[in-house]
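Fold and geometry: a report
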Amino acid sequence: MSDSYSKHVQERALKNLPPEPLNAGQTRALIDALICAEGDDKNRLLERLAHCVPPGVDPAASVKADFLYQQIKTGDQAGIIPPQQAIELLGTMQGGYNIQPLIDLLDDPQWASCAAQQLSHTLLIFEKFNDVAEKAQQGNHPAQAVMQSWARGEWFTRRPALPETMTLNVFRVTGETNTDDLSPAPEAWSRPDIPLHALSMLSHPREGVEPDEPGSRGPMTQLATLKQQGYPLVYVGDVVGTGSSRKSATNSLLWHIGRDIPWVPNKRNGGVVFGGKIAPIFFNTLEDSGALPVEMDVSGLKTGMLIDLYPYRGEVRDHASQQLITRFTLKTAVLPDEVRAGGRIPLIIGRSLTARAREWLGLPPSDLFRQPEAPAPSTAGFTLAQKIVGRACGVAGVRPGQYCEPKITTVGSQDTTGGMTRDELTDLACLRFSTDLFMQSFCHTSAYPKPVDVKLHETLPEFISLRNGVALRPGDGIIHSWLNRMLIPDTVGTGADSHTRFPLGISFPGGSGLVAFAAATGIMPLDMPESVLVRFTGDMQKGITLRDLVHAIPLYAIRQGLLTVEKKNKINIFSGRILEIEGLSSLKAEQAFELADASAERSAAACVLRLEEENVAEFLRSDIALLRWMIEQGYQHAGTLARRITEMEAWLANPSLLVADQDAEYAAIIEIDLTEITEPIVCAPDDPDDARLLSEVAGSPVEEVFIGSCMTNIGHFRAVGKLLSDVKDLPARLWLAPPTKMDAQQLSREGYFNRFIQAGARIEPAGCSLCMGNQARVRQGSHAVSTSTRNFPHRLGTDARVFLASAELSAVAAMMGKMPTVEQYLRQMEKIHPHRDETYRYLNFDQLPHYRSAHDEKRVIKTFAGQNL
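Here we summarise the structure given alongside this text.

Side note on the overall build of the protein
- Looking only at helices and strands, one finds 35 helices and 27 strands in the protein.
- Relative to the globule expectation of 29 Å for 869 residues, the C-alpha radius of gyration of the protein, 28 Å, shows essentially globular dimensions.
- Counting only C-alpha atoms and orienting by the principal axes, one finds that the protein spans roughly 85 × 75 × 65 Å.
- Considering the protein as a whole, with its 869 residues, one finds that 62% of them fall into the buried category.
- Taking the contacts inside the protein whose residues are at least 6 apart along the sequence as the reference set, 73% of them involve residues at least 24 apart.
- Summed over all atoms, the accessible surface of the protein reaches about 31800 Å², with 48% contributed by carbon and sulfur.
- When the 86 basic and 102 acidic side-chain charges of the protein are each reduced to a single mean position, those positions are 1 Å apart.

And the structure:
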């Protein structure tokens, strides 16, 4: 193993990469080699044992902790590693498998003091707190010292504070930096390998950015040249981090501008990011990673400038002349503490540990930590979102700006972030989920998996189910189309995908680190955002679809001056706020999700819709049938599914939905009269904010059409089938990807697949397909129309120019090879209108024979009666 790993080290070094962390087998082999080693070989192996094994509850960490503990207990009779050094190495492992050995050592007179010292700066204690408290109660002096240290917050005070002044070297990227730029989708397979994945950051040429290998390797030489000046880099952009919630974008960025985390292989935190606007989810992910994100006027900053940052004074000055460049205000007073603690998540965990220790010792609350500013008192009513979050916090409502930690009932994870979420969970020492339901999907990689994807498909389900999570199977379909079927009304959730936007309740999506924290602890940190109300009035016009209403929101915001397409000094009323939608209460849940889903493109923090109890009840009855069928089919964790069914049945037995107060306050109210929308609305290339009327883009060439993604459901595909009923040879290449295998099976039973094939369409496996652009892609430089979520540059295909449109308009464009006129489109829609109710009929599983057997057979639930679920 030593020779093999040494070769691996050398191969990675040639690419300027550190070696990958050791797995359990390699760690065992390293220990075997260490037992026999001497001199330089021994020192080299000890160095690897110290720095190349992942922390937390990674299997390799278990091997390492067992070995170190044995050396301590035997007194290192073989002379491999002195006990004190072994205890110090145990103390570097953060939490998990190292905690019990350190607690046991509190009873060892020889090593108790050393063990107590290591425990005092360890945060991931969780339920083991009670073990230390019990020893302290019994008079164990080292345990009492640990409790006192936790109470004093020494884990925090031993870390350096955010300095008064920081000299930084500017790396400026003009325009918008989205998360596809920082973490390209085609390279998603490498995301868990942070140093390798970071090589692809900014790999497409743009103003001021010089990729080493355009399309595959980013500006590594340019960054290295800037670093030669000896100062840390600050990333500066006009708009930074729009798009998805992927932690991989933060990981890549911090790999180039952050600092190594001691004793943790291949991860970095810290770093400074300036943006004229920083997307809220990305801002939060930077916070979680210990970085300092700052929104400011960046027009005076250019690549290569040396600047001095004064974080407490809110100033940026030229390093040499001290001339003032710009002023700013930190988004929250707690940011300096987050940076000092190594991130928002360790700060939350640490504050809780200190509070718990002080309560046990009978001490008053600590004044060591900065507190978030409380919002001004208000007598106004609460919005729907404020009430839902309030219920999750045990209060009537939560005011905008108020810090809270709502209970998280449902958490979702998808495969291109799942490997990172797994690593974050092991770092957090999570052996069992505290959230009620955690679901893992494999929708982004199942269609055309790489070997690394296949390995994830084989290993991640067991990791999830062992922690009482629910693991879907490759080929099942899109995470959101499944997770929406597992929701409880008026509850709060999250997910490591920016489109985790619940049609029932509310979801605040986040990066994989925050998602892991929510899954492990059952809560998440939240500075309650303001809300923007979109109120629809009037009746939908003939030929207009829900997707047109989705695009009407940015269109009307542009018309009111609340949104601009231009990135410099961009205005976006939705950014960081909650989008609340009223006036469409008769929507089915499947329809509601189409509107909620697109709030991600508005950079909104979340979205809620007011629905009718009858439609929610119909949806839950269908969901129960699906979940019972899942148990019958052997999905794990079955007990978690059974518990969720019980919760759904409890709601159905006493249905009720929260509603906004009449006197609730909003940051803005956008009124949209449906009678005014008489033609389709699209989003023009390359920006989901650039909403335009069809009449403005009619005649634009179309060579590729994609109908699929989480924005679609079975009704869209039936509509496409009716539009294509007489078509034999399409002038544009048409891709069709049903969102779930259930949709695909039903469409096949109804004969639609045959109709699609006859028209010349290409049917993709159920899943995300072209939407993310990490698997199949449209032709380079092509003109395309898509029902997918985003049309950022290069997302669906290199240099592709992509319109976003409804499934119906996309199908007509495929038939014509261009964007139709309004008249041409409406004429084609006449094929659907007479059969509208049958066309847009949704999957009610409790009424479908294939699923009714499980729905009618209650024994699949009774099996779990009396078990600890």
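Examining unusual backbone geometry
- In this chain, Gln636 is followed by His637 through a cis amide linkage whose omega measures 10°.
- With respect to the helices and strands, His637 occurs in the loop between helix 25 (613-632) and helix 26 (638-653).
- For the peptide bond that leads from Pro685 to Asp686, omega is -5°, which places it in the cis range.
- With phi around 75°, Trp263 is a residue other than glycine that occupies positive phi space.
- Relative to the helices and strands, Trp263 resides in the loop between strand 3 (259-260) and strand 4 (268-269).
- Its relative accessible area of 34% is what places Trp263 among the partly exposed residues.
- A positive phi angle, close to 60°, is found at Ala429, a residue other than glycine.
- Here Ala429 is to be found in the loop between helix 19 (415-427) and strand 12 (437-440).

A few points about the side chain of Thr167
- You can see Thr167 is positioned in strand 1 (residues 166-178).
- A distance of 2.8 Å separates polar atoms of two side chains, one belonging to Thr167 and the other to Asp308.
- When residues no more than four places from it in sequence are discounted, the contact partners of Thr167 are Tyr231, Pro232, Ile307, Asp308 and His319.

Things to note about empty space enclosed by the protein
- Within this structure, the stated rule accounts for 13 cavities of 30 Å³ or more.
- Taken as a whole, the largest cavity encloses approximately 270 Å³ of empty space.
- In this structure, the largest cavity is lined by 20 residues; those nearest its centre are Ser481, Arg485, Glu590, Thr712 and Asn713.
- Top element by residues in the lining of the largest cavity is helix 24 (residues 589-597). It accounts for four residues.
- Of the residues in the lining of the largest cavity, the class split is 11 nonpolar, five polar and four charged.
- Here the second largest cavity is characterised by a volume of approximately 170 Å³.
- Forming the boundary of the second largest cavity are 21 residues, of which Gln414, His444, Asp497, His499 and Arg795 lie nearest the centre.

Notes on the pairing of strand 11 (residues 410-413)
- Burial of strand 11 is two-sided: the residues Thr410 and Gly412 facing one way and the residues Val411 and Ser413 facing the other way are all buried.
- Once you follow strand 11 into helix 19 and on to strand 12, the crossover reads as right-handed.
- Relative to strand 14 (residues 492-495), strand 11 runs parallel, the two sharing three bridges. Paired with Gly412 across the bridge in strand 14 is Gly495.

Overview of the sheet that holds strand 14
- Taking strand neighbours across the sheet as the criterion, the five strands line up as 13-12-11-14-15 in an open arrangement whose pairing is parallel. Each edge of the open sheet carries a strand with a single partner, namely strand 13 (470-471) and strand 15 (506-507).
- One ladder, built from two bridges, connects strand 12 with strand 13; its direction is parallel. From the neighbouring strand, Met439 faces strand 13, where its bridge partner is Val470.

Looking at the sheet that holds strand 9 (residues 324-327)
- Strand order in the open sheet formed by seven strands is 6-5-2-1-7-8-9, with mixed pairing between adjacent strands. Looking at which strands have only one partner, the edges of the open sheet turn out to be strand 6 (292-295) and strand 9. Across the sheet, the axes of successive neighbouring strands diverge by a mean angle of 35°, strand direction being ignored.
- The sheet contact formed by strand 1 and strand 2 (residues 233-242) spans eight bridges and is parallel. Of the residues in strand 2, the one forming a bridge with Asn169 is Leu233.
- Along the sheet, helix 15 (residues 280-288) makes contact with strand 2, strand 5 (272-278) and strand 6, crossing strand 5 at roughly 165°.

Some thoughts on the side chain of Thr426
- Within the secondary structure, Thr426 is located in helix 19.
- On the basis of relative accessibility, which here comes to 5%, the residue Thr426 falls in the buried class.
- Dropping the residues within four chain positions of it, Thr426 is found in contact with Pro55, Gly56, Val57, Asp58 and Phe463.

Brief notes about the state of the cysteines
- Inspection of the entire model under this criterion finds zero disulfides.
- Free of any disulfide, Cys443 has its nearest cysteine sulfur in Cys768, 3.8 Å distant.
- Cys710 forms no disulfide, and the closest cysteine sulfur to it belongs to Cys771, at a distance of 5.8 Å.
- Residue classification places Cys710 among the buried residues on the basis of a relative accessible area of 7%.

Digging into helix 20 (residues 451-466)
- Over its 16 residues, helix 20 runs 24 Å from end to end, which matches the ideal 22 Å to within 8%, given 1.5 Å per residue.
- Maximum bend of helix 20: about 30°, positioned at Thr459, with proline Pro461 one to four residues after it.
- Looking at the buried positions of helix 20, the neighbouring elements they touch are helix 19, strand 12 and strand 13.
- Of the residues one or two after helix 20, Asn468 is the one with positive phi, at around 75°.

Here's the deal with the nonpolar core
- Counting residues in each nonpolar core, the largest one holds 122 residues, and the members touching the most others are Trp482, Ile581, Leu595, Met630 and Met819.
- The element that contributes the greatest number of residues to this core is helix 25, accounting for 11 residues.
- Discounting residues that sit within four places of it in the chain, Met819 has contacts with Val682, Leu694, Val697, Ala698, Gly699, Ser700, Val702, Val785, Phe803, Leu809 and Ala813.
- Core analysis: the next-biggest nonpolar cluster, separate from the first, contains 106 residues, Cys52, Ile80, Ala115 and Ala660 among them.

Comments concerning helix 24
- The buried fraction of helix 24 amounts to nine of the nine residues, a majority that puts the element mostly inside the structure.
- Along its buried surface, helix 24 packs onto helix 21 (479-483), helix 23 (546-559), strand 18 (578-582), strand 19 (606-609), helix 25 and helix 28 (714-723).

Overview of the packing of helix 19 against helix 20
- Interhelical geometry of helix 19 versus helix 20 gives an angle of 45° and a closest axis separation of 11 Å. Relative to helix 20, the element helix 19 lies oblique. As helix 19 packs across helix 20, the resulting crossing turns out to be left-handed. Together, Asp415, Gly418, Gly419, Arg422, Leu425 and Thr426 of helix 19 and Leu456, Leu460 and Phe463 of helix 20 make up the contact between the two elements.
- Classifying every residue of the contact of helix 19 with helix 20 gives four nonpolar, three polar and two charged.

So, the packing of helix 19 against helix 22 (residues 512-521)
- Direction vectors running N to C along helix 19 and helix 22 enclose 55°, while the axes themselves pass 8 Å from each other. The pairing of helix 19 with helix 22 is recorded here as oblique in orientation. Between helix 19 and helix 22 lies a crossing whose hand is right-handed. Contact residues: helix 19 offers Thr417, Met420, Thr421, Glu424 and Leu425, while helix 22 offers Ser512, Gly513, Val515, Ala516, Ala519 and Ala520.
- For the contact of helix 19 with helix 22, the residue count by class is six nonpolar, four polar and one charged.

Examining the packing of aromatic side chains
- Under the counting rule described, the total for this entry stands at 12 aromatic pairs.
- Taking 5.1 Å as the distance between ring centres and 65° as the angle between the ring planes, the aromatic pair formed by Phe156 and Phe369 counts as edge-to-face. In this pair, Phe156 sits in helix 10 (residues 154-157) while Phe369 sits in the loop between helix 17 (344-361) and helix 18 (384-393), placing the two residues 213 residues apart along the sequence.
- A relative accessible area of 8% means that Phe369 is categorised as buried.
- Ring-pair connections join several aromatic residues into one group, and the members of that group are Trp482, Trp629, Tyr635, Phe845 and Tyr851.
- A cation over an aromatic ring shows up here: Arg473 above the ring of Tyr635, its NZ or CZ 3.8 Å from the ring centre.
- Sitting over the ring of Tyr556, Arg559 keeps its end group 5.2 Å from the ring centre.

About the thresholds
Residues numbered from 1 in each chain as written. Predicted model: local features only at pLDDT ≥ 70, side-chain atom pairs only at ≥ 80, totals over all residues. Heavy atoms only, no water. Helix = DSSP H or I, 4+ residues; strand = E, 2+ residues; numbered from the N terminus. Rg over C-alpha atoms; globule rule 2.2 N^0.38 Å. Buried < 20%, exposed > 50% of the residue type's maximum accessible area, 1.4 Å probe, protein only. Contact = heavy atoms within 4.5 Å. Areas by Shrake-Rupley, 256 points an atom, 1.4 Å probe, with all protein chains shown as cover. Lys, Arg positive; Asp, Glu negative; His and termini not counted. Charge placed at Lys NZ, Arg CZ, Asp CG, Glu CD. Polar contact = N/O pair within 3.5 Å; in protein donor to acceptor, adjacent residues only side chain to side chain. 1 Å grid on protein atoms, 1.4 Å probe; cavity = no way out; pocket = protein on both sides within 12 Å on 5 of 7 lines; lining within 4 Å. Points joined across faces, edges and corners; volume = space filled by probe spheres on them. Nonpolar A, V, L, I, M, F, W, Y, C, P; charged D, E, K, R; others polar. Right-handed = clockwise from strand over helix to strand, strands pointing away. Pairing = 2+ DSSP bridges. Axes fitted to C-alpha atoms, helices over the stretch in contact; angles between N-to-C directions. Disulfide = S-S within 2.5 Å. Expected span 1.5 Å × (residues − 1). Bend = angle between axes of the 7 residues up to and from the residue. Core = buried A, V, L, I, M, F, W, Y, C linked by side-chain atoms within 4.5 Å. Parallel < 35°, antiparallel > 145°, perpendicular 65-115°, else oblique. Left-handed = near helix turned anticlockwise from the far one by under 90°. Phe/Tyr/Trp six-rings, centres within 6.5 Å; stacked < 30°, edge-to-face > 60°. Lys NZ or Arg CZ within 6 Å of the ring centre and 35° of its normal.

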